[in-house]
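Breakdown of the fold
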Amino acid sequence: MGRHRAALPAVKDWHPLHLSDDILPELQRRGISQEQIEQMTVNNPARVFG
């Protein structure tokens, strides 16, 4: 864990619902459209893993 210690402050607020509870609402608040969010969370992963 020694080499990853520097990353710990960046993940201190992480929890399983961090994306849906925190990140996505903040993106919307900053003007990212629902269509853009769907592209990032649904369409791009489907293309990569599909």
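Think of each chain on its own: its residues are numbered from 1, step by step along the sequence as written. Predicted model: local features are reported for residues with pLDDT of at least 70 only, side-chain atom pairs are reported and counted for 80 or more only, and whole-chain, interface and lining totals are derived from all residues. Calculated side-chain values reflect all of the structure's heavy atoms, with hydrogen atoms and water omitted.

**Re the pattern of salt bridges**
Worth spelling out the cut-off: Salt bridges are counted wherever a side-chain nitrogen of Lys or Arg sits within 4 Å of a carboxyl oxygen of Asp or Glu. Counting from the N terminus, the helices are DSSP H or I runs at least four residues long and the strands are E runs at least two residues long. Per-residue accessibility, obtained with a 1.4 Å probe over protein chains only, is compared with the maximum for each type, and a residue is labelled buried under 20%, exposed over 50%, and partly exposed between these values.
In the structure shown here, the tally under the stated rule is 2 salt bridges. Of the charged contacts in the structure, one is a salt bridge between E26 and R29, with a shortest N-O distance of 2.6 Å. Here R29 and E26 lie together in helix α2 (residues 18-29), a separation of 3 residues that amounts to about one turn. Assessed through its relative accessible area of 28%, E26 is described here as partly exposed. Overall, the relative accessible area of 61% leaves R29 in the exposed class. Close ionic contact of R30 with E26 constitutes a salt bridge, the shortest N to O distance being 2.7 Å. The class of R30 is exposed, set by a relative accessible area of 63%. One network of salt bridges, with partners in common, ties together E26, R29 and R30.

**Things to note about the confidence of the model for the chain**
Detailed reading of the predicted coordinates is not advisable wherever pLDDT falls low. Rule in force here: A residue's pLDDT is simply how confident the predictor is in it, with values from 0 to 100.
Model confidence for the chain is summarised by a mean pLDDT of 88, while 88% of its residues fall at 70 or above. Within the chain, helix α3 (residues 34-49) carries the highest mean pLDDT (97), whereas helix α1 (residues 8-11) carries the lowest (72).

**Describing the environment of H18**
For the record, the criterion: We call two residues in contact when some of their heavy atoms are within 4.5 Å. Polar contacts here mean pairs of N or O atoms no more than 3.5 Å apart (in protein, one a potential hydrogen donor and the other a potential acceptor; neighbouring residues in sequence count only if both atoms are side-chain atoms).
Relative to the helices and strands, H18 resides in helix α2. In this structure H18 comes out as partly exposed when scored by relative accessible area, which is 22%. Leave out the neighbours within four places in its chain, and H18 touches D13 and I23. Separated by 2.8 Å, the side chains of H18 and D22 make a polar contact.

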